[in-house]
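Read off the chains here:
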Amino acid sequence: MKGLHRETSVELKWCIKSNKIAQIREFSNKGMSKTLFLLLFTMQFDFTEEQLAVQQAARDFAQTELLPGVIERDEHQKFPTEQIKKLGELGFLGMMVDPKYGGSGMDTVSYVLAMEEISKIDASCSVVMSVNNSLVCWGLETFGNEEQKQKYLVPLAKGEIIGAFLLSEPEAGSDATSQRTTAEDKGDHYLLNGTKNWITNGNSASVYMVMAQTDVSKGHKGINALIVEKNSPGVVVGKKEDKLGIRGSDTHSIMFQDVVVPKENRIGEDGFGFKFAMKTLGGGRIGIASQALGIASGAYELALKYSKERKAFGTEIMNHQAIAFKLADMATEIEAARLLCLKAAWLKDQHLDYELASSMAKLFSSEVAMKTTVEAIQVHGGYGYVKEYHVERLMRDAKITQIYEGTSEVQRVVISRSVLKG
Ligand SMILES: Cc1cc2nc3c(=O)[nH]c(=O)nc-3n(C[C@H](O)[C@H](O)[C@H](O)COP(=O)(O)OP(=O)(O)OC[C@H]3O[C@@H](n4cnc5c(N)ncnc54)[C@H](O)[C@@H]3O)c2cc1C
């Protein structure tokens with residue numbers, strides 16, 4: 001800001017806040033140094049009132065609706081049906097969808113803030129939120145046609161129903177090109193056969209976005225993305241997985257046995273399915289990165305509070321430097337993770353390339369989530385090892401963020417390809 005006339009800077013800030021890109025450009029043309037222009041244009045660390053209101057609403061919801069019963073839901077692997085219904089009514093399941101399709105019309109930054117708050121308390125809920133927002137709604141809104149949006153996106157964005165994203169198979173995880181599920185072209189419809197694995201919302205979803213191979217000779221360019229209604233004849237939901245963490249979410253394998261899918265349910269052109277999946281996952285990683293961020297900050301807040309209450313050797317344990325330094329490291333790493341998440345979200349909101357940023361955010365935040373939750377248990381001593389104190393659940397929940405929507409190794413493949421190219 002130094003050196004820039006105050007009124008000019010206020011006017012420029014207003015243009016930036018109200019997204020008057022053309023006017024912002026005029027400022028830059030009027031001779032402002034490029035560095036200063038970029039600094040002002042890019043480094044906005046304050047949130048808008050709307051973003052702060054969304055954050056507060058998510059925080060309140062997590063405290064009042066999610067915290068009671070979270071331990072029991074985890075223990076009994078109980079899907080948070082009521083809580084998800086309320087999240088939908090509040091507009092958290094179609095946060096970034098245009099209001100004309102039933103969504104809340106928020107930006108991705110607001111989504112990150114909300115995901116962090118929900119994940120601090122219940123990551124089983126936030127994964128439902130992430131899949132519905134980032135994978136299902138975003139994929140449909142960006143690549144679906146008008147009829148598909150009216151029929152499927154509207155109820156999904158309103159949270160009247162939820163969706164699932166079906167890419168992984170028993171033999172196709174990181175290597176998603178090896179799809180064995182087939183969608184045979186039968187003229188006016190596809191005949192779907194095969195098995196999908198590890199499907200979040202597998203039983204609770206009404207709508208599936210399914211990737212399947214139509215033309216093997218074309219490799220991944222022969223894959224299609226199809227919208228499949230769960231109640232279609234031939235859809236079989238497999239048993240619920242008994243998981244280490246996010247135990248409230250329902251993860252199932254899904255079998256397709258001669259399922260008839262109308263041609264109008266294909267998303268995009270013939271063969272667009274793999275690109276659809278990769279583009280969608282690029283944004284999905286912002287959701288999982290913020291889930292990891294929330295798990296980490298939830299564990300940190302609990303550790304900080306505990307360190308001020310628990311006494312050892314005649315003083316609160318926060319007064320022991322070993323504990324204070326753990327808290328310092330946690331706070332620093334969480335802040336770095338938050339900035340990476342917000343940067344990826346901001347790039348997406350500006351319609352700039354965000355895929356490298358979202359991979360970095362997911363890689364870093366998930367590693368911070370794992371490290372922070374382990375240390376939060378350590379700060380709690382023996383109490384951290386039992387369910388009542390929440391941190392052991394957060395540690396179990398953290399692990400999945402290093403695995404789904406692209407493992408940490410796969411993120412490093414993506415990031416290294418990019419840095420080696422540059
Ligand atoms: C709880 C849960 C929920 C899930 N939800 C969904 C969902 O809703 N929809 C969906 O489609 N999928 C979902 N998944 C699947 C998830 O995305 C996959 O498990 C993940 O992509 C990894 O695939 P994989 O399990 O087959 O492991 P593999 O691909 O077999 O990987 C095994 C190991 O090898 C490493 N590896 C593989 N390839 C490379 C490489 N090229 N370089 C370096 N290392 C490599 C991996 O990083 C990993 O450490 C979910 C999984 C779980 C556990």
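Here goes a summary of the coordinates provided. (Residues numbered from 1 in each chain as written. Predicted model: local features only at pLDDT ≥ 70, side-chain atom pairs only at ≥ 80, totals over all residues. Heavy atoms only, no water.)

## Details of the overall build of the protein chain
Within the protein chain, the regular secondary structure consists of 14 helices and 9 strands. A burial count over the protein chain gives 52% of its 422 residues as buried. Here the protein chain has roughly 19,600 Å² of accessible surface; of this, 55% comes from carbon and sulfur atoms. (Helix = DSSP H or I, 4+ residues; strand = E, 2+ residues; numbered from the N terminus. Buried < 20%, exposed > 50% of the residue type's maximum accessible area, 1.4 Å probe, protein only. Areas by Shrake-Rupley, 256 points an atom, 1.4 Å probe, with all protein chains shown as cover.)

## Digging into the packing of aromatic side chains
Summed over the entire model, instances satisfying the criterion amount to 9 aromatic pairs. Residues Y306 and Y383 carry aromatic rings whose centres are separated by 6.4 Å and whose planes lie at 45° to one another, so their mutual orientation is tilted. Of this pair, Y306 sits in helix 10 (residues 273-309) while Y383 sits in the loop between helix 12 (355-380) and helix 13 (391-400), and the two are 77 residues apart along the sequence. Taking the relative accessible area as the measure of exposure, Y383 reaches 38% and is therefore partly exposed. The aromatic ring of Y190 is capped on one face by K263, whose charged end is 5.1 Å from the ring centroid. Residue placement shows K348 over the ring face of Y354; its charged tip is 5.8 Å from the ring centre. (Phe/Tyr/Trp six-rings, centres within 6.5 Å; stacked < 30°, edge-to-face > 60°. Lys NZ or Arg CZ within 6 Å of the ring centre and 35° of its normal.)

## With respect to the packing of helix 10 against helix 12
The interhelical angle for the contact between helix 10 and helix 12, taken along N-to-C directions, is 25°, at an axis separation of 7 Å. Between helix 10 and helix 12, the angle falls in the class roughly parallel. The crossing of helix 10 and helix 12 is left-handed. Classifying every residue of the contact of helix 10 with helix 12 by side-chain character gives 17 nonpolar, 9 polar and 4 charged. (Axes fitted to C-alpha atoms, helices over the stretch in contact; angles between N-to-C directions. Parallel < 35°, antiparallel > 145°, perpendicular 65-115°, else oblique. Left-handed = near helix turned anticlockwise from the far one by under 90°. Nonpolar A, V, L, I, M, F, W, Y, C, P; charged D, E, K, R; others polar.)

## Section: the environment of F274
By the element assignment, F274 lies in helix 10. Separated by 63 residues in sequence, F274 and M211 place their C-alpha atoms 7.3 Å apart.

## What to know about the packing of helix 8 (residues 123-143) against helix 10
In the contact formed by helix 8 and helix 10, the axes pass within 9 Å of each other and the chain directions differ by 155°. It follows from the interaxial angle that helix 8 and helix 10 lie roughly antiparallel. The chirality of how helix 8 crosses helix 10 is right-handed. On the side of helix 8, the interface is formed by A123, S126, V127, S130, S134, L135, W138, G139 and F143, while helix 10 contributes F276, K279, T280, L281, G283, G284, G287, I288, Q291 and I295. Classifying every residue of the contact of helix 8 with helix 10 by side-chain character gives 9 nonpolar, 9 polar and 1 charged. (Contact = heavy atoms within 4.5 Å.)

## A word on the layout of surface pockets
Counted as a void, the largest pocket has a volume near 1,300 Å³. Looking at the largest pocket, it is lined by 43 residues, and the ones nearest its centre are L281, R285, Y404, E405 and G406. At the level of secondary structure, the elements contributing two or more residues to the lining of the largest pocket comprise helix 8, strand 3 (189-200), helix 10, helix 12, helix 13 and helix 14 (408-421). Counting residues per element, the lining of the largest pocket draws most heavily on helix 14, at 6 residues. Taken together, the residues of the lining of the largest pocket break down into 20 nonpolar, 13 polar and 10 charged. (1 Å grid on protein atoms, 1.4 Å probe; cavity = no way out; pocket = protein on both sides within 12 Å on 5 of 7 lines; lining within 4 Å. Points joined across faces, edges and corners; volume = space filled by probe spheres on them.)

## A look at the nonpolar core
Formed by 90 residues in total, the largest nonpolar core has its most connected members in L87, M129 and F165. Counting residues per element, this core draws most heavily on helix 10, at 15 residues. The residues contacting L87, other than those within four sequence positions of it, are F61, F92, L93, I118, C125 and M129. One finds A164, Y190, A205 and L226 within the second-largest nonpolar core, a separate group that totals 17 residues. (Core = buried A, V, L, I, M, F, W, Y, C linked by side-chain atoms within 4.5 Å.)

## Here we look at helix 7 (residues 108-121)
Look at helix 7: 21 Å from first C-alpha to last across 14 residues, which is about the 20 Å you get at 1.5 Å a residue. For helix 7, the buried fraction is high: 14 of the 14 residues fall into the buried class. (Expected span 1.5 Å × (residues − 1).)

## Notes on the site of the ligand
Within the structure, the ligand sits among 16 residues, and S168, S174, W198, T407 and E409 are positioned closest to it. S174 is positioned with one of its side-chain polar atoms (N or O) 2.6 Å from an oxygen atom of the ligand. Within the side chain of E409, one N or O atom sits 2.7 Å away from an oxygen atom of the ligand. For the ligand, the protein covers 63% of the area, taking 970 Å² as the surface of the free molecule. Under a 2 Å grid-point criterion requiring more than half of the atoms, the pocket assigned to the ligand is the largest pocket. Of all the secondary structure elements, the ones that give two or more residues to the shell around the ligand are strand 3 and helix 14. Per element, the largest residue contribution to the shell around the ligand is 3 residues, and it comes from strand 3. (Near = heavy atom within 4 Å. Polar contact = N/O pair within 3.5 Å; in protein donor to acceptor, adjacent residues only side chain to side chain. Sits in = over half its atoms within 2 Å of the grid points.)

In short, the description is geometric, and any link to function would need to be established separately.
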